[in-house]
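Chain by chain, the residues:
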Amino acid sequence: MPKEVAIIGVGYAGFRALTPEVSYKELMYEAAVKAYEDAGVDPRRDIESFVTVAEDFTEGTSIFDEYVPDQLGAVLKPVHTISGEGLHGFIAAYLQVLTGAMDIVAVEAHSKASNILTPDEIMAFAMDPVYNRPLRANPHFIAGLEMNRYLCETGTTREQCALVVAKNKHNALYNPLAAYGASIAVEDVLESEMVSYPLSRLDMSPRADGAIVMVLAARERAEELSDIPIWIRGVGWCNDSFSLENRDWTNAIYAARAAEMAYRMAGIRTPWQELDFAEIDDTFSYKELQHMEALRLCRPGEAGLLVEDGATEIGGEFPVNPSGGSLGMGHLLDASGLARLLEVVLQLRGEAGQHQLSDVETGLAFGWRGLPTTSGAAVILSN
Amino acid sequence: MTAKIKEFPGVGLRESDFTERKVLFTEWKPDARYAWDAGVAIGRYLAELKEGRIIGVRCHHCRRTVVPPRIFCEWCFRPMDEWVYLEDHGVVNTFSICYVQWDMERLEEPLIPAVIEIAGASKGVGILHLLGEVDPREVKIGMKVKAVWKPAAERIGAITDIRYFKPIN
Ligand SMILES: [Zn+2]
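(A) Region of interest: the overall build of chain A. In terms of helices and strands, chain A carries 15 helices and 11 strands. Taking 2.2 N^0.38 as the reference for a compact globule, 383 residues should give roughly 21 Å; the C-alpha atoms of chain A span a radius of gyration of 19 Å, in line with that estimate. With the C-alpha coordinates of chain A rotated into their principal frame, the extents come out at 55 × 45 × 35 Å. Counting across all 383 residues of chain A, residues that qualify as buried make up 62%. Long-range pairs, those at least 24 residues apart, make up 77% of the contacts in chain A with a sequence separation of at least 6. A total accessible area of about 14,000 Å² is found for chain A, and carbon and sulfur atoms account for 50% of it. When the 29 basic and 55 acidic side-chain charges of chain A are each reduced to a single mean position, those positions are 3 Å apart.

Below, the structure is given as structure tokens:
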């Protein structure tokens, strides 16, 4: 894929468990101001279109699209909101530039998870109302079902999942943006209280507030405006059949298909050799392993062993979630995928600070839409 | 509907068909609760309402004074420059007389929602509230109205700290 569209600016705010000092609009504004400054653009003059990512039920306001233009500099401009993963929104923005209709487009996603008083009820609202919801089990049981089957089929152990938690929380200690950095042992995860067997509390990423804005530009404008444009090499997204009764509980097929689409576009045949690192969904510890296998970063059943060997640590052969992932940075609801992508951008620019990887040229970001979904999106970037 | 069909076969549904569960259905009552952080601008707005004052913000760039306040100017995309206390009276920009409740039940006494251009704010900038102490037939666009506040002890820092706006001469 030729270099047609690049990320020329990124901005972010929050990434804390609580952000009581600002409203969601003020959080978005802070991220937007930084992204536009980083890109060297004036949103009122230069940005032609805006894509935001939001889900009405997590905002507590329906038709949330109406609430986004002011704080993004998007008043009286083309704006639309995508109800999906942050990377779905990113891809929509990318496609707008690719059509040639727009030269500069901004994308935004945020989380004010701390403002939702009944988050598990909101999650349950995504389940089928007729044949699943009346059973009244907390929807985290769905992660329990999947983890159980995945561990059984692949021979992966709870200890290996716990190592993912320890690794990501450790990485987060070196990332000033991360809210949940910690030095914890495998035993801490194994001994933390069971949420829905075999998923324990520490296997789950804790929620966080935050906002991310990125500015995308067509090649000519990108080269003109940016000294370090980060090029979009491939994108892909996929939705599996959602049914809890018939879905594949072992393999994240949506991730495999999304990645294949992105690899094809980027001309990548052997991802573990051609990519330098990956930032992938780790909403739950086992998800990082399951997604690694689906994304062909290793063979099926091998991810747990790689974590054991330290291959996915910051200093390892193939770092996974050097940012700390959602386990270390906090889960940003639908902004989580953009947080993964943000880290890929910072790494490729050489701006990741204390957790900077050396000699990285190509990275993958993968976002999963969370429970109870089987949808995800992948983006491959190069510097 | 084609005119050729003269008779419609079938039986209409009665409420009893549902209560006796002859017709099957599933009900769900969502428990969706939120507590939104007011933040810098709306936090101050609410705190001032509690004190019996209306506050707005001013952008020196486009020279607009707006209410409710925000920390940024949506037109200029820059931070607002200053807080400005506004009057608690203004002019009715537009109003409606609402004769139905939320469940579409008729109201004996209609509600009169109105956009009130607050004195001290820029032309066309106002807050949405209700009108009171006025015969619905007497309400006019351009009418001058003034806030009727709850007593200080009852104010909690909410838009309802103003009971309604009433006409003044
Ligand atoms: Zn202005």
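Once you've had a look at it, read on.
(B) Just the interface of chain A and chain B, in detail. Tallying the contact residues gives 37 residues for chain A and 22 residues for chain B. Among the residues chain A hides against chain B, the three largest losses belong to Glu26, Tyr29 and Asn115 of chain A. Together they make up 25% of the total. At the surface where chain A touches chain B, the tally comes to one salt bridge. Between Lys112 of chain A and Asp37 of chain B there is a salt bridge, with the nearest N and O atoms lying 2.7 Å from each other. Applying the counting criterion to the chain A and chain B interface returns 11 residue pairs in polar contact (both at pLDDT 80 or more). Elements that contribute at least two residues to the side of chain A that touches chain B include exactly α1 (24–39), α2 (56–59), α3 (69–72) and α5 (119–124) of chain A. Examining the composition of the side of chain A that touches chain B, we find that six residues originate from one element, α1 of chain A, more than from any other. Class assignment of the residues belonging to the side of chain A that touches chain B gives a composition of 18 nonpolar, nine polar and 10 charged.

(C) Inspection of the nonpolar core at higher detail. All names here are of chain A. Counting 50 residues, the largest nonpolar core has Tyr263, Ile280, Leu295, Leu297, Leu364 and Phe366 as its most contacted members. The leading source of residues in this core is helix α10 (residues 253–266), at seven residues. Counting residues in each nonpolar core, the second largest holds 48 residues, with Ile7, Ala208, Ala218 and Val360 among its members.

(D) Quick peek at helix α4 (residues 86–98) of chain A. Residues and elements named next belong to chain A. Across its 13 residues, α4 extends 18 Å between first and last C-alpha, which sits within 8% of the 18 Å expected from 1.5 Å per residue. Among the residues of α4, Gly86, Leu87, His88, Gly89, Phe90, Ile91, Ala92, Ala93, Tyr94, Gln96 and Val97 are the ones counted as buried. One side-chain oxygen at the N-terminal end of α4 lies 2.8 Å from the backbone nitrogen of Leu87; it belongs to Glu85. Looking one or two places after α4, you find Gly100, whose phi comes out positive at around 90°.

(E) Highlighting the coordination of the zinc ion. Each protein donor to the zinc ion is listed here as Cys59 of chain B (SG), Cys62 of chain B (SG), Cys73 of chain B (SG) and Cys76 of chain B (SG); together their distances run 2.3 Å. Here the zinc ion is ringed by four donor atoms whose angles at the metal span 106 to 116°, and the overall shape comes out tetrahedral.

(F) Quick look at the sheet that holds strand β1 (residues 54–59) of chain B. All names here are of chain B. Reading across from one edge, β2-β1-β5 is the order of the three strands in this open sheet, with antiparallel pairing throughout. The open sheet terminates on both sides in strands that have one partner only, identified here as β2 (64–66) and β5 (82–86). For this sheet the average axis-to-axis angle between neighbouring strands, irrespective of direction, equals 35°.

(G) Highlighting the packing of helix α7 (residues 158–173) of chain A against helix α12 (residues 285–294) of chain A. All names here are of chain A. Where α7 meets α12, the closest approach of the two axes is 7 Å, and the angle between their N-to-C directions is 100°. Between α7 and α12, the interaxial angle falls into the category roughly perpendicular. For the pair α7 and α12, contact is made by Gln160, Cys161, Val164, Val165, Lys167 and Asn168 and by Ser285, Tyr286, Glu288 and Leu289, respectively. Its residues placed into classes, the contact of α7 with α12 shows five nonpolar, three polar and two charged.

(H) Structural detail: the pattern of salt bridges. All names here are of chain A. Within this structure, the stated rule accounts for 30 salt bridges over all chains. Note that Arg221 is salt-bridged to Glu224, the shortest N-O span being 3.0 Å. Of the two residues, Arg221 and Glu224 are both situated in helix α9 (residues 219–225); the distance of three residues between them amounts to about one turn of the helix. What makes Arg221 partly exposed here is its relative accessible area of 25%.

(I) Local environment of helix α2 (residues 39–50) of chain B. Spanning 12 residues, α2 of chain B covers 16 Å between terminal C-alpha atoms, matching the ideal 16 Å at 1.5 Å per step. All buried positions along α2 of chain B are accounted for by Gly39, Ala41, Tyr45, Glu48 and Leu49 of chain B. Its buried side turned inward, α2 of chain B meets α1 of chain A together with β1, β5, β10 (126–130), β11 (144–149) and β12 (162–167) of chain B.

Definitions and limits used
Residues numbered from 1 in each chain as written. Chains lettered and ligands numbered in written order. Predicted model: local features only at pLDDT ≥ 70, side-chain atom pairs only at ≥ 80, totals over all residues. Heavy atoms only, no water. Helix = DSSP H or I, 4+ residues; strand = E, 2+ residues; numbered from the N terminus. Rg over C-alpha atoms; globule rule 2.2 N^0.38 Å. Buried < 20%, exposed > 50% of the residue type's maximum accessible area, 1.4 Å probe, protein only. Contact = heavy atoms within 4.5 Å. Areas by Shrake-Rupley, 256 points an atom, 1.4 Å probe, with all protein chains shown as cover. Lys, Arg positive; Asp, Glu negative; His and termini not counted. Charge placed at Lys NZ, Arg CZ, Asp CG, Glu CD. Buried area = accessible area lost by both parts, 1.4 Å probe. Salt bridge = Lys/Arg side-chain N within 4 Å of Asp/Glu carboxyl O. Polar contact = N/O pair within 3.5 Å; in protein donor to acceptor, adjacent residues only side chain to side chain. Nonpolar A, V, L, I, M, F, W, Y, C, P; charged D, E, K, R; others polar. Core = buried A, V, L, I, M, F, W, Y, C linked by side-chain atoms within 4.5 Å. Expected span 1.5 Å × (residues − 1). Donors = N, O, S within 2.8 Å, 3.2 Å for Na, K, Ca; no water. Tetrahedral: all angles 85-135°; square planar, octahedral: opposite > 155°, others 65-115°. Pairing = 2+ DSSP bridges. Axes fitted to C-alpha atoms, helices over the stretch in contact; angles between N-to-C directions. Parallel < 35°, antiparallel > 145°, perpendicular 65-115°, else oblique.

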